[in-house]
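Descriptive analysis of the structure
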Amino acid sequence: MNEIKRYLAGLRQCRRPTLIEILVVIAFISVVVALVLPPVKWASTGDIRFPVRVLVFDATRASPIADARVGIVRAMPLDGVESLEHNREVFSPTIFDWVRLEHHGTTGDDGCVVIEYEFGTGAGHDRPTPHAHLRWAWVVVAANGYGGVVIPVRHDSLPIGTLREQKELLVPVGLMPSN
């Protein structure tokens, strides 16, 4: 018990730390905590409505095809034959329900149609610049006397700033005459 009293008496004789000493200790502890804790990971999502100009042309004559039916659907990107077999109904223009499709149109005499489509967007700690996820949007085209086609709008994502500079996305589609 005497030892405890002597120890406490010794503590009372210690001087109080100065403000600078306290701030140095706090700074040191802050640096150690920052080094030990993992970095903060974050993500954000949203969407952007953007015009997609689809140019449909006869691939043998390089001439525009009028009255071609064009639609844009949301579907997962293909990772191989397996993913195609699991999503066959999404990628078949012959069984496509044009009437119920929200984003669709018909080409004019110039072979073009412009469709407003809402693309998903995202950014994160590893890529802080917001990008539009274009590979999740697929263009479906069918025309009388021609075969049909389903192609992605793009195979990758684009920064939203780049997308806005372009004013619209151009998707050229060449169809072969059906025999």
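Just so we're clear, the structure is a prediction, and the values are computed from it rather than from any experiment.

1. Points about the pattern of salt bridges
Enumeration over the complete set of coordinates arrives at 3 salt bridges. One salt bridge in this structure joins Glu118 and Arg49, with 4.0 Å as the shortest N-O distance. Separated by 69 residues along the polypeptide, Glu118 in strand S5 (residues 112–124) and Arg49 in strand S1 (residues 43–58) bring together distant segments of the chain. Judged by its relative accessible area of 46%, Arg49 is partly exposed. Here Arg53 and Glu168 are joined by a salt bridge, their closest N and O atoms 2.7 Å apart. Residue Arg53 is located in strand S1, and its partner Glu168 is located in the loop between helix H4 (160–166) and strand S10 (169–175); the two are separated by 115 residues in the primary sequence.

2. A word on the nonpolar core
Residues Val54, Phe119, Val141 and Leu169 are the most contacted members of the largest nonpolar core, which totals 28 residues. Mapped onto this core, the elements with two or more residues apiece are S1, strand S3 (69–74), S5, strand S7 (137–142), H4 and S10. The leading source of residues in this core is S1, at 5 residues. Discounting residues that sit within four places of it in the chain, Val54 has contacts with Val70, Gly111, Cys112, Val113, Val139, Val141, Val171 and Val173. Counting residues in each nonpolar core, the second largest holds 5 residues, with Val73, Trp138, Val140 and Val150 among its members.

3. Digging into the sheet that holds S7
Think of a sheet as strands paired side by side through backbone hydrogen bonds, with each pair either parallel or antiparallel. Ordered by their spatial adjacency, 4 strands build an open sheet running S4-S3-S7-S8, and the pairing between neighbours is antiparallel. In the strand order of this sheet, the two ends are held by strand S4 (104–106) and strand S8 (149–152), each with one partner. Averaged over all pairs of adjacent strands, the angle between their axes in this sheet comes to 20 degrees, without regard to strand direction. As defined by bridge partners, S3 adjoins S7 across 6 bridges and the pair is classed as antiparallel. Each residue of the ladder has a partner; that of Gly71, found in S7, is Val140.

4. Quick notes on the packing of aromatic side chains
Taken as a whole, this structure holds 1 aromatic pair when the rule is applied. With a centroid separation of 5.0 Å and an interplanar angle of 70 degrees, the aromatic rings of Tyr117 and Phe119 are classed as edge-to-face. Taken as a pair, Tyr117 and Phe119 share a single burial class, namely buried.

5. Thoughts on the confidence of the model for the chain
Where the model shows low pLDDT, its predicted coordinates should not be examined in detail. For the chain, mean pLDDT is 83; residues scoring 70 or higher make up 84% of the total. Confidence, expressed as mean pLDDT per element, reaches its minimum in the chain at helix H3 (residues 81–86) with 68 and its maximum at strand S2 (residues 63–64) with 95.

6. A short note on the pairing of S8
What you see with S8 is a clean split: Val150 and Pro152 sit on the buried side and Val149 and Ile151 on the side with no burial. Direction of pairing for S7 relative to S8: antiparallel, over a ladder of 4 bridges. Bridging from a neighbouring strand, Val141 pairs with Val149 of S8. Where S7 folds back onto S8 in an antiparallel hairpin, the turn is made up of 6 residues, including Gly145, whose phi is positive at roughly 85 degrees.

Cut-offs applied
- Residues numbered from 1 in each chain as written.
- Predicted model: local features only at pLDDT ≥ 70, side-chain atom pairs only at ≥ 80, totals over all residues.
- Heavy atoms only, no water.
- Salt bridge = Lys/Arg side-chain N within 4 Å of Asp/Glu carboxyl O.
- Helix = DSSP H or I, 4+ residues; strand = E, 2+ residues; numbered from the N terminus.
- Buried < 20%, exposed > 50% of the residue type's maximum accessible area, 1.4 Å probe, protein only.
- Core = buried A, V, L, I, M, F, W, Y, C linked by side-chain atoms within 4.5 Å.
- Contact = heavy atoms within 4.5 Å.
- Pairing = 2+ DSSP bridges.
- Axes fitted to C-alpha atoms, helices over the stretch in contact; angles between N-to-C directions.
- Phe/Tyr/Trp six-rings, centres within 6.5 Å; stacked < 30°, edge-to-face > 60°.
- pLDDT = per-residue confidence, 0-100.

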